[in-house]
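Fold and geometry: a report
The primary structure of each chain is shown beneath.
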Amino acid sequence: MEVLEKKKLKVATTSLAGCFGCHMSFLDIDERLFDLVQLVEFDRSPLTDIKEVGECDIGIIEGGLCNAENVHVLLEFRRQCKILIALGACAVNGGLPAQRNHLPLTDILSEVYLSSPGLGNGMIPNDPELPLPLNQVHPIHEVVKVDIFIPGCPPSGDAIWKVLTDLLSGRNPSLGHGLIHYD
Amino acid sequence: MSSGSLESILCKYDGSPHNLLQILREVQEEEGWITPATVAALETALAVPRAKIEGAASFYSFLHLQPVGRYRILFSDNIIDRMGGSQALMERLCNLLWVEPGKLSEDGLVSVTTTSCTGMCDQGPALLVNGRAITRVDEARIDAIAERVRAQVPLAEWPGEWFQVEDNVHRRDILLGSDFEPGSGLRALHARVETDGIQASNTRSWREGLPRGLVGPATMLDEIKHANLRGRGGAGFTTGLKWEACRNAPLADGQDRIVVCNADEGEPGTFKDRVLLTSHADMVFEGMTLAAYAVGARRGFLYLRGEYRYLLEHLEGVLARRRRDNLLGHSIIGIPGADFDIKIHVGFGAYVCGEESALIESLEGKRGTPRNRPPFPVTHGYLDQPTIVNNVETFAAAALIALNGGEWYKNIGTSHSAGSKILSVSGDCERPGLYEFPFGVSVAEVLEACGAKDTQAVQVSGPSGFTIAAHEFDRKICFEDIPTAGAFMVFDKTRDMFQVARNFVHFFAHESCGFCTPCRVGTSLLRNLMDKLHNGQGSPYDFEEIEKLNHILQAMSHCGLGHSACNPVLDTIEKFRPAYDSRLLHQQFTPAFDLDQALSQARQMTGRDDELAHFGAEHGDKQ
Amino acid sequence: MTQTFILDGREIPFEPGQTIIQAALAAGVFIPHLCYHPEFKPHGSCKLCTVKVNGRHTASCTYKAAPGLEVQSNTEELNGERRTLVQMLFVEGNHFCPSCEKSGDCQLQATAYELGMMSPHFDHFFPDRPVDASHPELLLDFNRCILCSLCVRASRDVDGKSVFALAERGIDSHLIVNAASGRLADTNVALEDKAVQVCPVGVILRKRKGFAVPIGQRTYDEAPISGHLPLAEEC
Ligand SMILES: Cc1cc2nc3c(=O)[nH]c(=O)nc-3n(C[C@H](O)[C@H](O)[C@H](O)COP(=O)(O)O)c2cc1C
Ligand code: SF4
Ligand code: SF4
Ligand code: SF4
Ligand code: FES
Ligand code: FES
C-alpha cells in the first residue's frame, strides 16, 4: 500500500448491496467528522451529489455484490481508487443478503414473481434498465483486490475512525478488542 | 435381504461391531446398497448406534446408503488414465446411456462417475463395474458396455477377457524372480536355529514374550535387522526396529500382538502389490507369518483395497491351502505354540486408509481417520494392542530374507537401501508394467528399460512423491536419494505438467478424510485455485495464494496426506514454472468466479440477452 | 521437584501426563484452541493450538509436555498461520454473525478477534447446509458447524448416548444425529445433556434463549478470549 502524502485526500464512498447502515455509522464518528473534513475531500458519495467516481486516494465500499450494477460500480471504484476499503459485514463476507446463497436464484425469482400473488403480475421483470441479479451474493474481495477490511454490522464509528486515522498517519490499520466486531 | 442371510453374515463375523464394515460389505454385495432396514437391523444386532453405522459407512466411497443403480460404473481418474483418453471415453458412455456423470439414471439402472486410481495404470484406461475392474477400455469396449447395460445383461455374462488383469512383469530380480516354495522361508529359518533352544522355549506360546532361549523369534528378528530391511510403503522405516518395538511392548491381560499387511495400495500409479498378491501371495503370507513369529503375534490381517476385491477368493484359497499345509493355524510347521492365522479385510475406496493408523481405525470398523500419535501402533494399534503394519512388498522381502539370510540380502542394493525395489511403471513408455531393480538404479536406467522417449518428467512415488525433471534423471531410486513407494509415472514432452499437478490436487481434495482443518479446507481451496488457473483466470495473486496454502498444508496438517498434498504443486512450480506462468494470463487481480456465468440464471429467467445482461471484457486486466 | 518446559521464553511447570496446552492454561498462558476442551479426550483436529516444539509444528492439545522442551506459541508466524485456519473455517461454513444468536459468546468469533482477523480472505464456499428445528427446545443450525466433534465426544463419553456423529468425509464431512428420520426430535437428546452445552459456535442452540443477554454484554464483549482462562479451565 502506498504511503499517502500529506495533502487533502480524496475519498469516495458507495453502497452496493448494503443497507446504508455502514454509512450511518460513518456519520456516527460525530464531531470527528469535522476533523476528517480537514483532512479529506469527498468525491462520489451518498454524502455528496457527485455521480461518477473520479480519481481518488481512498474508496470505501459498503455492501456486497448482489447484481450486475454492483459489480460495475465496484470495478469502477477499484480503477479509480488507490486504496479500497470494504466497510461492514456485507462488503466483507456478503452479509445478510448472502443468506440467500443456498437457494438457486431461479427458485427465488419464480417464488417471488411467479408463484406469490400480487408481485410482478406473474412475470419476471426483464426491462434492460434493471440490473440482473447474480446467481449468488458475493463479498467484494472475490471480485477485486481489497486493501483494507472493516468488519461489523455495522462497524462502530470508533472502528471506522480508528482505521481512517491509522491510514492517514501511515500506520497499518488494526482494531483491538472492543473495536473488532463481526456483529 | 432375508433375515436368514443377514443372520449368517453376522455369524460369519462373530456378531462383532469391530467387523461392522465387513458385514456392511457383504450385505451390500447381496443387495446393491445398504438399506435403512439393514441399518436398523444392525443397530440392534451389533448394539451400535445407527449414527455410527451411517457415519462409518458414508466415509467410504464404495459403501452406499442410497441406491446406486444396477450398474455402477466408475472411471479411474488418475492422470495416466486421462492421458489414455478416459475423459472422452466416459463422456461417450454417458451419452450412449443418457446419464449425467455422477447421477443415477432416471430408471435407476446405471450411474457413471469417476474414482481415484484403480491400480491398473499399465493396462488402462480402466474402470470398475460394480467393483470389478475392466482394463484396456477403448471406444469399442465402451460401446459394447453400453449395449450390455441397456440390455441389462448380468455382469457374470460379460466377456471374461474384459476383466482380465495382466501382471506385465518386465524385469525380475530377487523377488519377482524367485520361485518361492511355500513354507521354505519358515523351514529355512527353523533350520538355522539351534535345536535345543527352540524346543525348550516354544513349549510356551509365542505371545508370552521372549524368555531366555527363545532363539527362533530372536533369530528372525536378527536376520531382518542384519538385512537392513526398510519398509516399502513409502516412509522407509527400519523394519527390524518396528518389529522389535512391537515385540517389546507390554501386553495387558487378554491382549495379543497383531500383524497387519497394508495392501491398500492407494497411491495413484502404484500397482505392484496387486501383482505380488496375484502371483506371489505365498511369499507375502509367509512374510507375515515370519513377522508374527518374530514379534509373537497370533492374529494377522491383510487390508486389501476395495479395488482389488476380485482377488479375495484367490487369496482366501491360498490361505486355506496354507492352513492345510500347516503353514498357518496351530503349531505351524510343527513348532509347538507357533499359532497364527490371517483374516482378510476388504477396504472401500479411501486412500487415507493406507495411512497405518487410519487403516487400523478402519479395521476396527470405524471411519478411516488417522489417529493422534504417540502412542504409535507398535504399542497401541488394533484394539489398543501392539501392532505392526507393513507393506505387502516388505513382507515378501522378509520371506526372502528368512530363506536366504540377512547377510545375503544386505549386499544387494546400496549401503543405506538394501535389496530390490519393484517399480510400477506407467505413462509415456513402450512397456508399462513392473520393473524390479536393485536399489540404486537411476531414473534414466528405468526409462531406458521401459522404452520411454522424449521424457519430460517422472513422478516418482505417486502424487505425494517427487516430480523429477530431465536434468535429474541420473538421480537414484533409493532411500538416500529418491525414496519411493513404487509408482513411476512417465510424462513425455507433449504433456502439460500443470495438468499433472492439477489432477493430483483433485485427488488429494477428494481423498482428504476431513478430520483436520488445514487439509479438509486447504485441499479444496487449492483445487479451486488450480482450476481457476486452468480456466484462464489466473493472476499472480492466485499464485501467491497457492504458495500460502502449500505452506499451511505442509506445516499444520494432521497426517501424511495433508503434508504431501502440496508436493506436486511445489515441485512443478519449481521445475516447470513456465507451465504456471503461461496460465497467469492476467497481471491484475481476477474475480474468483466467472462474472458472466454468474448472470446465467437471471438471463434464463428473464429471457434477456442484451449487452447489459452480460459482462464484457471490462473486468480483468484493464486498470 | 516439578518439571518444566519453556514456552515463549517462560518457564512452565507441568504434571507428568499433561499436554502442553493443559500446562500452559494452568499457568495462565493462553494458546488459541477450538476442539480442545478440558473435560474431554483431546481430539487434535482444528489445529488452532499448533505450536512449534523444538522448531517443529505440532498440536499442543495432543503433545505431552516434557522437561526442557522449547515451545513457541505467541509468535507472529504462528498467529498468522492460525488466522489462516480460522479464515478457512469461516469460508467453509456460512457464518453470518449479525444474525447469529451465538455472536459475542462464540469461540470461533472470539478467536478470530483475538487473532485480528479483519476478513475471511478466501473465496466463500457458501455450502448448502440444513437447519433442524424439529426439536421443541433445541435448534441445530449446521451452517456454523466447524466439525470440532465436541458434541460427539460429550454425547458418547459423558451422556452415554450417541446423539451426534460425523458422516461422509473431506470437505463433505458433516454432523448427523442418531435417528432414522435424521431429525433431532427423534433422538433421545435431553436438555441436560452435556452434548447440548459444549458447542463452541452457534450450531446447537436453546430455542427462545438466544438473546437473553444483549449483544454488547456477552462473554467476549467483556474480555477477549485470551482473558477467559479460568473459564476455559472450568467449562
Ligand atoms: C495418506 C497415506 C497413504 C498411505 N498409503 C499406503 C499404502 O497404500 N500402502 C502402504 O504400504 N503404505 C501406505 N502408507 C504408509 C503407511 O502409513 C505405513 O507407513 C506403511 O504401511 C508401513 O509399512 P512399511 O514400513 O513396510 O513401509 C500411507 C501413508 C499415508 C500418510
Ligand atoms: S491431513 Fe487430511 S487426511 Fe490427514 S487427518 Fe488431516 S484431513 Fe485427514
Ligand atoms: S457461529 Fe460464531 S462465527 Fe459463526 S456466525 Fe455465529 S457468531 Fe459468527
Ligand atoms: S455442532 Fe458444534 S460441537 Fe458439534 S461438531 Fe459442530 S461445532 Fe462442534
Ligand atoms: S450495510 Fe453495513 S453491514 Fe450491512
Ligand atoms: S485445540 Fe488442538 S487441535 Fe484443536
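Source: prediction; values computed, not measured.

Within chain A, the secondary structure is distributed over 6 helices and 7 strands. For chain A, the α and β elements follow one another from N to C terminus as β-α-α-β-β-β-α-β-α-α-β-β-α. Taking 183 residues into account, the globule formula puts the C-alpha radius of gyration at 16 Å, and chain A, at 18 Å, falls close to it. Dimensions along the principal axes, computed over C-alpha positions, put chain A at roughly 55 × 35 × 30 Å.

In the region of ligand 4, the neighbouring residues are C:Cys145, C:Ile146, C:Leu147, C:Cys148, C:Ser149, C:Cys151, C:Leu175, C:Cys199, C:Pro200, C:Val201, C:Val203 and C:Ile204. The residue inventory of the shell around ligand 4, partitioned by class, reads 11 nonpolar, 1 polar and no charged.

Quick look at the interface of chain C and chain B now. Every contact between the two is made by 36 residues of chain C and, on the other side, 40 residues of chain B. Of the roughly 3100 Å² buried between chain C and chain B, counting both surfaces, carbon and sulfur atoms make up 59%. By the criterion of area lost to chain B, the three top residues of chain C are C:Lys47, C:Met88 and C:Arg169, representing 23% of everything that side buries. C:Glu92 is paired through a salt bridge with B:Arg520; the nearest N and O atoms lie 2.6 Å apart. The interface formed by chain C and chain B holds 20 residue pairs in polar contact (both at pLDDT 80 or more) in total. Of all the elements in the fold, those that place two or more residues in the side of chain C that touches chain B are helix H2 (76–92), strand E8 (164–167) and strand E9 (174–177) of chain C. Among the elements that take part in the side of chain C that touches chain B, H2(C) stands out by supplying 7 residues, more than any other. Counted by class, the side of chain C that touches chain B contains 17 nonpolar, 12 polar and 7 charged residues.

A separate point is the pattern of salt bridges. When the charged atoms of two side chains lie near each other, side chains of opposite charge can form a pair. Counting across every chain of the model gives 59 salt bridges over all chains. Put simply, B:Arg309 and B:Glu29 hold a salt bridge, and the shortest N to O gap is 2.7 Å. Placement of B:Arg309 in the loop between strand E7 (297–304) and helix H14 (312–324) and of B:Glu29 in helix H2 (residues 20–31) is noted, with a sequence separation of 280 residues between them. Here C:Arg208 ties to C:Glu137 by a salt bridge, and the two come within 3.4 Å at their closest N and O atoms. One end of the pair, C:Arg208, is in the loop between strand E10 (204–206) and helix H5 (219–222); the other, C:Glu137, is in the loop between strand E6 (131–132) and strand E7 (138–141), and 71 residues separate them in sequence. Judged by its relative accessible area of 29%, C:Glu137 falls in the partly exposed class. Salt bridges sharing partners connect three or more residues here, namely B:Lys12, B:Arg25, B:Glu26, B:Glu29, B:Arg309 and B:Glu313.

With that settled, consider the domain arrangement of chain B. Often, the extent of an interface is quoted as the loss of accessible area upon association of its parts. Residue and element names in this part refer to chain B. Looking at the assigned domains, one finds that chain B contains domain 1 (3–57), domain 2 (71–166), domain 3 (184–410), domain 4 (420–493) and domain 5 (498–581). Once you take the C-alpha centre of each, domain 2 and domain 4 turn out to be 29 Å apart. On the domain 4 side, the residues contacting the 6 residues of domain 2 number 9 residues. Taken together, the two surfaces of domain 2 and domain 4 that pack against each other cover about 480 Å², and 79% of this comes from carbon and sulfur. When the buried surface of domain 2 facing domain 4 is broken down by residue, Ile 80, Met 83 and Asp 122 rank first, second and third, together holding 74% of it. Summed over the shared surface of domain 2 and domain 4, the result is 0 salt bridges. At the junction of domain 2 with domain 4, the criterion picks out 0 residue pairs in polar contact (both at pLDDT 80 or more).

Next up on the list: helix H18 (residues 443–450) of chain B. Think of an α-helix as turning once every 3.6 residues; residues three or four places apart then point the same way. All names here are of chain B. Among the residues of H18, those classed as buried are Val 443, Val 446, Leu 447 and Cys 450. In a view along the axis of H18, the buried residues occupy a sector of 100°, so they form one face of it. Structurally, H18 contributes buried residues whose contacts are with strand E10 (420–427), strand E11 (433–438), strand E12 (455–460), strand E13 (466–469) and strand E14 (487–492). Following H18 by one or two positions, Gly 451 adopts a phi angle in the positive range, close to 75°.

Opposite the 24 residues of chain A that make contact, chain C presents 29 residues. Of the roughly 2100 Å² buried between chain A and chain C on both sides combined, carbon and sulfur atoms contribute 63%. Among the residues chain A hides against chain C, the three largest losses belong to A:His177, A:Tyr182 and A:Asp183. Together they make up 33% of the total. For the pair chain A and chain C, the number of links is 0 salt bridges. Of all the secondary-structure elements, those providing two or more residues to the side of chain A that touches chain C are helix H4 (89–93) and strand E6 (133–138) of chain A. A per-class count over the side of chain A that touches chain C returns 12 nonpolar, 10 polar and 2 charged.

The next thing to look at is the nonpolar core. By size, the foremost hydrophobic cluster in this structure holds 257 residues, and its most contacted members are B:Trp243, B:Val259 and C:Phe164. A total of 11 residues in this core trace back to one element, the largest contributor, which is helix H13 (residues 281–295) of chain B. If we skip the residues at most four places from it in the chain, B:Val259 touches B:Met288, B:Ala291, B:Ala292, B:Val295, B:Ala297, B:Arg299, B:Gly300, B:Phe301, B:Phe340, B:Ile388 and B:Phe395.

Our next topic: the site of ligand 2. In the vicinity of ligand 2 lie 13 residues, with B:Cys513, B:Cys516, B:Cys519, B:Cys559 and B:Gly562 positioned nearest. Counted by class, the shell around ligand 2 contains 8 nonpolar, 5 polar and no charged residues.

A cis amide bond, omega -5°, links B:Arg373 with the succeeding residue B:Pro374. Inspection of the secondary structure puts B:Pro374 in the loop between helix H15 (356–363) and strand E9 (387–391). For the bond running from B:Pro374 to B:Pro375, omega is 0°, close enough to zero to count as cis. Considering the arrangement of structural elements, one finds B:Pro375 in the loop between H15 and E9. Located in the positive-phi region is C:His121, a residue other than glycine, with phi close to 65°.

Residue and element names in this part refer to chain A. Remark: helix H2 (residues 32–39) packs on helix H6 (residues 157–168), axes separated minimally by 12 Å, with the N-to-C direction vectors making an angle of 25°. Considering their axes alone, H2 and H6 lie roughly parallel with respect to each other. Along this stretch, H2 crosses H6, giving a crossing that reads as left-handed. For the pair H2 and H6, the contacting residues are Arg 32, Asp 35, Leu 36 and Leu 39 in the first and Gly 157, Asp 158, Trp 161, Leu 164 and Leu 168 in the second.

All names here are of chain B. Where helix H20 (residues 517–534) contacts helix H21 (residues 540–556), the two axes come as close as 10 Å, and the packing angle between them is 155°. For the element pair H20 / H21, the angle class is roughly antiparallel. The crossing of H20 and H21 is left-handed. Residues Pro 518, Cys 519, Gly 522, Thr 523, Leu 525, Leu 526, Leu 529, Met 530, Lys 532 and Leu 533 of H20 touch H21, and the partners they reach there are Asp 542, Glu 545, Ile 546, Leu 549, Asn 550, Ile 552, Leu 553 and Met 556. For the contact of H20 with H21, the residue count by class is 12 nonpolar, 3 polar and 3 charged.

Moving on, we get to the sheet that holds strand E1 (residues 71–76) of chain B. Residues and elements named next belong to chain B. The sheet built from 4 strands is open, its strands ordered E2-E1-E3-E4 with mixed pairing. Two strands lie at the open edges of the sheet, namely strand E2 (110–115) and strand E4 (132–134), each paired on one side alone. Adjacent strand axes in the sheet meet at a mean angle of 25° when their direction is disregarded. Across the sheet, helix H6 (residues 86–97) touches E1 and E2, and the angle it forms with E2 is around 170°. Helix H7 (residues 139–150) contacts E1, E2, strand E3 (127–129) and E4 of the sheet and is inclined by roughly 165° relative to E1.

The rules behind each value
- Within each chain, residue numbers correspond to sequence positions counted from 1 in written order.
- Lettering of chains starts at A and numbering of ligands starts at 1, both following the order in which they are written.
- The predicted origin of the model limits local features to residues at a pLDDT of at least 70 and limits the giving and counting of side-chain atom pairs to 80 or more, whereas totals for whole chains, interfaces and linings rest on all residues.
- As a convention, hydrogens and water are excluded, and side-chain values are obtained from all of the structure's heavy atoms.
- Secondary structure elements follow DSSP: runs of H or I no shorter than four residues count as helices, runs of E no shorter than two count as strands, and numbering proceeds from the N terminus.
- Our radius of gyration is a C-alpha quantity, and the globule rule it is checked against amounts to 2.2 Å times the number of residues to the power 0.38.
- Proximity criterion: a residue is near a molecule or strand once any of its heavy atoms comes within 4 Å of it.
- Residues were grouped as follows: Ala, Val, Leu, Ile, Met, Phe, Trp, Tyr, Cys and Pro as nonpolar; Asp, Glu, Lys and Arg as charged; and all remaining residues, including Gly, as polar.
- Contacts: residue pairs with any heavy atoms within 4.5 Å of one another.
- When two parts are brought into contact, each loses some accessible area as probed by a 1.4 Å sphere; the total of that loss over both is the buried area.
- When a carboxyl oxygen of Asp or Glu is within 4 Å of a side-chain nitrogen of Lys or Arg, the pair counts as a salt bridge.
- Polar contacts, as counted here, are pairs of nitrogen or oxygen atoms within 3.5 Å of one another; within protein the pair requires one atom able to donate a hydrogen and one able to accept it, and residues that are adjacent in sequence qualify only if both atoms are side-chain atoms.
- Note on classification: 1.4 Å probe, protein chains only; a residue is buried when its accessible area is under 20% of the maximum for its type, exposed when over 50%, partly exposed between these limits.
- Domain start and end points were adopted from an automatic or database domain assignment.
- Note that the arc is defined by the directions from the helix axis to the C-beta atoms.
- Throughout this description, the term nonpolar core refers to a set of buried Ala, Val, Leu, Ile, Met, Phe, Trp, Tyr and Cys residues connected via side-chain atoms within 4.5 Å.
- To obtain each axis, a line is fitted to C-alpha atoms, and for helices this fit is confined to the stretch in contact; angles are then taken between N-to-C directions over 0 to 180 degrees.
- Working rule for angles: under 35 degrees goes down as roughly parallel, over 145 as roughly antiparallel, 65 to 115 as roughly perpendicular, anything else as oblique.
- Handedness of a crossing follows from how the near helix is turned relative to the far one, being left-handed for an anticlockwise turn of less than a right angle and right-handed for a clockwise one.
- Paired strands are those between which DSSP finds at least two bridges.

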